[in-house]
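For reference, the chains in residue letters:
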Amino acid sequence: MDRATTGRSHRGNGVNAAHGTTTKLRAIVVDDEPLARRGLEIRLGDHHDIELVGQYGDGAAAIQGLRVHRPDLMFLDVQMPGMDGFETLRSIPAVEMPLVVFVTAYDHYAIRAFEASATDYLLKPVDDARLHQALARVRQAHAQREASGHCAHLLGLLSELSGHPTLDLDEALKPDAIEQLRRDDKLAVRDGGRTVRVDLASIRWIDAAGDYMCIHTDSETLVLRATMRDLEKQLDPQRFPRIHRSTIVNARRVVELRPHTNGEGYLRLDCGQELKLSRSHRDKLDLLL
């Protein structure tokens, strides 16, 4: 078993593209033939954005190497003693799977290679022009994977903040996406290091207490460090109008309005709670009655 050499730099050490270079793709070669590994190593030396960080002579060693180096790319021989290339691939967890280029002496393995979601395959002896073509596909696939990963991260953040766990790209790109999220049936609130999703229908009213907001629900009162503006951004103002500088009410929970002589009013909720409607917010009467 041949353990490979460690590359010259690590992932992320590449210079920014604005300075003329790109981050290198870290690669390993898995082949039981030392001469085949050496030949591929020499050819990869002409591609300066590929950094060879490991060489392995069998599938088991390659799996260990993946955990150590976490490469972007793996050149994988199909026919090896013990675990062949396909068995090796099946033993790699999805979260650790790099891009794969199969290397084989037999072209009838090509179909199986693509069925195994390989980026490309190379026939032995490796041709320089064919390697160039395969690496072009690798670069494109890597760019797409990086973009997808970044998109997934952003969608995850948006899903967490919106309380909409199944948000996908199409939903996020809709012109009215934010407005739709405000009309969802959940409110996501931060509570320390966690995010709590609260049923909108269970909210009675929300009021400010200094630097904190109190969300009064049917079962509990949640206290969080936030501002009235933070919550207003997440709530549909038609369903949750602001009735006072420090109060938001669930309009569907209002059962009675009692006017006051000074132009203010008092709202009674279905739970018996009374809230003040200030003069500056009397324009919300149509939403409350």
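Structure's up top.
Residues numbered from 1 in each chain as written. Predicted model: local features only at pLDDT ≥ 70, side-chain atom pairs only at ≥ 80, totals over all residues. Heavy atoms only, no water.

S.K.: How would you summarise the overall build of the chain if you had to cite specific residues and measurements?
M.R.: Within the chain, the regular secondary structure consists of nine helices and 15 strands. Partitioning the contacts of the chain with sequence separation of at least 6, the portion at a separation of at least 24 is 51%. (Helix = DSSP H or I, 4+ residues; strand = E, 2+ residues; numbered from the N terminus. Contact = heavy atoms within 4.5 Å.)

S.K.: Run through the nonpolar core, naming residues and quoting values.
M.R.: Counting residues in each nonpolar core, the largest one holds 20 residues, and the members touching the most others are Ile28, Val30, Met74, Leu76, Leu89 and Phe102. It is helix α2 (residues 59–69) that contributes the most residues to this core, four residues altogether. The next biggest cluster of nonpolar side chains, apart from the first, holds 19 residues, and it includes Leu25, Val29, Ile50 and Phe75. (Core = buried A, V, L, I, M, F, W, Y, C linked by side-chain atoms within 4.5 Å. Buried < 20%, exposed > 50% of the residue type's maximum accessible area, 1.4 Å probe, protein only.)

S.K.: Please give an account of the pattern of salt bridges that cites residues and values.
M.R.: This model, assessed by the stated rule, comprises 16 salt bridges. For Asp31, the salt bridge goes to Lys124, with nearest N and O atoms at 2.8 Å. Within this pair, whereas Asp31 is found in the loop between β1 (25–30) and α1 (34–44), its partner Lys124 is found in the loop between β5 (120–123) and α5 (128–162), the two being separated by 93 residues in sequence. On the basis of relative accessibility, which here comes to 4%, the residue Asp31 falls in the buried class. (Salt bridge = Lys/Arg side-chain N within 4 Å of Asp/Glu carboxyl O.)

S.K.: Describe the side chain of Thr88, and please don't skip the residues or the numbers.
M.R.: Residue placement: Thr88 occurs in helix α3 (residues 85–90). One polar contact links the side chain of Thr88 to the main-chain carbonyl oxygen of Asp84, over a distance of 2.9 Å. In contact with Thr88, other than residues within four places in its own chain, are Gly59, Ile63, Leu76, Met80 and Met83. (Polar contact = N/O pair within 3.5 Å; in protein donor to acceptor, adjacent residues only side chain to side chain.)

S.K.: Give me the lowdown on the sheet that holds strand β15 (residues 274–277), citing residues and values where you can.
M.R.: Taken in spatial order, the three strands of this open sheet run β13-β14-β15, and their pairing is antiparallel. Both outer strands of the open sheet, β13 (254–259) and β15, are each paired with one neighbouring strand and no more. Strand after strand, the sheet turns through a mean of 25 degrees between neighbouring axes, direction not considered. Pairing of β13 with strand β14 (residues 265–269) involves five bridges; the strand directions are antiparallel. The partner of Leu257 across the bridge, within β14, is Leu267. (Pairing = 2+ DSSP bridges. Axes fitted to C-alpha atoms, helices over the stretch in contact; angles between N-to-C directions.)

S.K.: Can you lay out the pairing of strand β4 (residues 99–104) for me, pointing to particular residues and giving the numbers?
M.R.: Among the six residues of β4, six are classified as buried, and the element is accordingly described as predominantly covered. Of the two faces of β4, the one lined by Leu99, Val101 and Val103 and the one lined by Val100, Phe102 and Thr104 are each fully buried. Between strand β3 (residues 73–77) and its parallel partner β4, the chain crosses via α3, and the hand of that crossover is right-handed. Here β4 runs beside β5; their pairing, made up of four bridges, is parallel. Residue Thr104 lies in a different strand from β5, and its bridge partner there is Leu123. (Right-handed = clockwise from strand over helix to strand, strands pointing away.)

S.K.: Report on the sheet that holds strand β12 (residues 247–249), specifying residues and quantitative values.
M.R.: The strand order β10-β9-β8-β12-β11 describes an open sheet built from five strands, whose pairing is antiparallel. Pairing within the sheet leaves two strands with one partner each, and these edge strands are β10 (221–225) and β11 (242–244). Sheet twist, expressed as the average angle between the axes of neighbouring strands with direction ignored, equals 20 degrees. As paired elements, strand β8 (residues 203–209) and β12 share three bridges and run antiparallel to each other. By the bridge assignment, Trp205 is partnered in β12 with Val249.

Geometric values such as these leave the question of function open.
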